Amino acid sequence: YIADAGSNRVIVVPVIPNSSTLGFNSAVRLLGQVQFSEQAPNYIEGREFYFSSNSGQADAGIALDNSSNPPHLYVADTYNNRILCFVDYRSVKTGGAATFVIGQPDLFHADTNYPSGTANTISSEGLFHPTGLVVDQANGNLYVADSGNGRVLRFPAPFLQSTNVLQTPDLVLGQANLTSKITDVSASRMAAPYGLAFAPGTGLLVSDLVDNRVLLFPGTNFTSGMAATKVWGQSTFSTAGSGAADNRFSGPHGVAVDSNQKLYVADSGNSRVLVFDDVRQAGTDPHSLVAIAGLGGTNGALSTPRSIFITTASTSDPADPADEIWIGDATRALRFSGGYNSIFTSGTQGFTPDLVIPEGAGLALAVDSYGSLYVCDALNRVVIHYIGLVALNGASYNKLRQTIAPNTIVSLFSQGGQFGAGQQSFTNLPLPATMLAIQAQLNGTPMPLYYVSPSQINL
């Protein structure tokens, strides 16, 4: 009986019978794992996350594909070295398992750089501490910041590929190829890519955590090993020092781009978010890449911000769309509504969030097309905050508690007007299960509807 500590298991090896000298056969029994090929600490099966490592680090990534039908959810399970893929984020349930995995052969493995199991032997399909994620909404391609391997990988439309085999990326940025790792500071090499964001029509922005910079890879027709054309946070492509000036970073994590292509960077080491002007106009002169605004820092509004996500809402003023800017810091998720011009104003409104949600560190966050907030926190979980909803008994108009009886009329009211657009009442029996593309389910079964509007559903 052997305590195989490095593989987190106990194996049972039988003695060879009737042997003149002491000998052993291959192991025949196993404790602590399901298969002999597994070695992950604790039992994993695709329904758990490992965001907070034993060394005290905490990292995660999340991305939503709102262009697909159904809309997909991707989570970077950083310290299990994998990406968990959920086919429909509208139907995820507490404790539910992922549909399939990227970076591992199945939902039971968590190997570093599978199949090697080591940090120094890099493979094309394996991952080492993946973090930031972003989806190309035009094509459904998934971009992964494979931080431990100093590279960004592109997996083409994962849900359109075979989910029974290891998926292979078709692009690598930050390294010359899919099996090398060189972290010398340059325009085409990265040490630890972390945050990812697209600037529409401009390119892909990548924060390089160790080299204290943000890089722009231009265009949309990327090629493996290509060089970045712009850098924020450094004076040249060959420097990597940290700093606290308005053109320097200290451990940048999340990045985002708003409707006017302003760049937002979670400058974690300086406890602030820096905002830079239009990335399309930024020149190659590093002295022109100075922040035009800052949130946190000496103002004390933020504590080690790690993530940032920006949603866009159309308004009558195209020059100032009503962006919602979400920031995850050490203890909270904060929302700043109204776009750049509303947030960065003088007076009491400046730097004041209009919503604060207590969270155990907002390591990564995203908002879906329905307005729901997804937060990866340091408690090894993804928490989903849905738009406020009230359910009433249609006869008494008392709030529903836990259960309802058959043939009960129920009215659902949204506190945010999030039930789509338009209004419709039923005209013929039987009652439809879908009206204006809206469906309400009870225990997974669509309910008959007789009225829908942006703020009310009667079923």
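No experiment lies behind these values; they were computed from the predicted model shown.

Caption draft 1: Region of the structure containing the layout of surface pockets. Roughly 1,500 Å³ of internal volume is contained in the largest pocket. Only β27 (389–393), β28 (410–414) and β30 (441–442) provide two or more residues apiece to the lining of the largest pocket. Broken down by element, the lining of the largest pocket gets its largest block of residues, 3 residues, from β28. Within the lining of the largest pocket, the residues separate by chemical class into 21 nonpolar, 11 polar and 4 charged.

Caption draft 2: Spotlight on the pattern of salt bridges. Within the structure shown, the criterion is met by 16 salt bridges. Note that Asp146 is salt-bridged to Arg151, the shortest N-O span being 2.8 Å. When its relative accessible area of 0% is taken as the criterion, Arg151 is described as buried. Arg381 serves as the salt-bridge partner of Asp377, at 2.7 Å between the closest nitrogen and oxygen. A relative accessible area of 0% places Asp377 in the buried class. It is possible to trace a salt-bridge network through shared partners that takes in Glu48, Asp77 and Arg82.

Caption draft 3: Region of interest: unusual backbone geometry. With omega at 5°, the peptide bond leading from Asn69 into Pro70 counts as cis. When you line up the elements, Pro70 lands in the loop between β4 (61–65) and β5 (72–77). Here the bond from Tyr114 into Pro115 is cis, since omega is 10°, no more than 30 degrees from zero. With respect to the element layout, Pro115 can be found in the loop between β7 (100–102) and β8 (130–136). In this structure, Ala157 is a non-glycine residue whose phi angle is positive, near 25°. Assignment of secondary structure puts Ala157 in the loop between β10 (151–155) and β11 (171–173). Even without glycine at this site, Asn407 takes up a positive phi of about 65°. Its place among the elements puts Asn407 in the loop between β27 and β28.

Caption draft 4: Seen up close, the sheet that holds β10. Ordered in space as β8-β9-β10-β11, the 4 strands form an open sheet in which the pairing is antiparallel. Only two strands of the sheet have a single neighbouring strand rather than two, namely β8 and β11. Each adjacent strand pair in this sheet contributes to an overall mean axis angle of 20°, direction not counted. Across 3 bridges, β10 lies against β11 in antiparallel orientation. Within the sheet, the bridge partner assigned to Val152 lies in β11 and is Leu173.

Caption draft 5: Just the sheet that holds strand β2 (residues 9–12), in detail. Pairing is antiparallel in the open sheet, where 3 strands are placed in the order β1-β2-β3. In this open sheet, the two edge strands, each paired with only one partner strand, are β1 (2–4) and β3 (29–31). Neighbour to neighbour, the strand axes of the sheet diverge by 25° on average, direction disregarded. Relative to β3, β2 runs antiparallel, the two sharing 3 bridges. Paired with Val12 across the two strands is Arg29, which belongs to β3.

Caption draft 6: Spatial organisation of a nonpolar patch on the surface. Judged by side-chain polarity, Val15, Leu22 and Phe24 come together as a nonpolar surface patch covering roughly 340 Å² of accessible area. Given the relative accessible area of 48%, Phe24 is considered partly exposed.

Caption draft 7: Spatial organisation of the nonpolar core. Grouped together as the largest cluster of nonpolar side chains are 20 residues, with contacts concentrated most on Phe51, Ile62, Leu73, Val75, Leu84, Phe86 and Cys376. If you list the elements that add at least two residues to this core, you get β4, β5, β6 (82–86), β24 (364–367) and β25 (373–377). Leave out the neighbours within four places in its chain, and Phe86 touches Phe49, His72, Leu73, Val75, Val92, Gly96, Ala97, Ala98, Thr99 and Phe159. The next biggest cluster of nonpolar side chains, apart from the first, holds 17 residues, and it includes Ala197, Leu216, Val265 and Ala291.

Cut-offs used in this document
- Residues numbered from 1 in each chain as written.
- Predicted model: local features only at pLDDT ≥ 70, side-chain atom pairs only at ≥ 80, totals over all residues.
- Heavy atoms only, no water.
- 1 Å grid on protein atoms, 1.4 Å probe; cavity = no way out; pocket = protein on both sides within 12 Å on 5 of 7 lines; lining within 4 Å.
- Points joined across faces, edges and corners; volume = space filled by probe spheres on them.
- Helix = DSSP H or I, 4+ residues; strand = E, 2+ residues; numbered from the N terminus.
- Nonpolar A, V, L, I, M, F, W, Y, C, P; charged D, E, K, R; others polar.
- Salt bridge = Lys/Arg side-chain N within 4 Å of Asp/Glu carboxyl O.
- Buried < 20%, exposed > 50% of the residue type's maximum accessible area, 1.4 Å probe, protein only.
- Pairing = 2+ DSSP bridges.
- Axes fitted to C-alpha atoms, helices over the stretch in contact; angles between N-to-C directions.
- Patch = residues over 30% accessible without salt bridge, like charges linked within 9 Å, V, L, I, M, F, W, Y side chains within 5 Å.
- Areas by Shrake-Rupley, 256 points an atom, 1.4 Å probe, with all protein chains shown as cover.
- Core = buried A, V, L, I, M, F, W, Y, C linked by side-chain atoms within 4.5 Å.
- Contact = heavy atoms within 4.5 Å.

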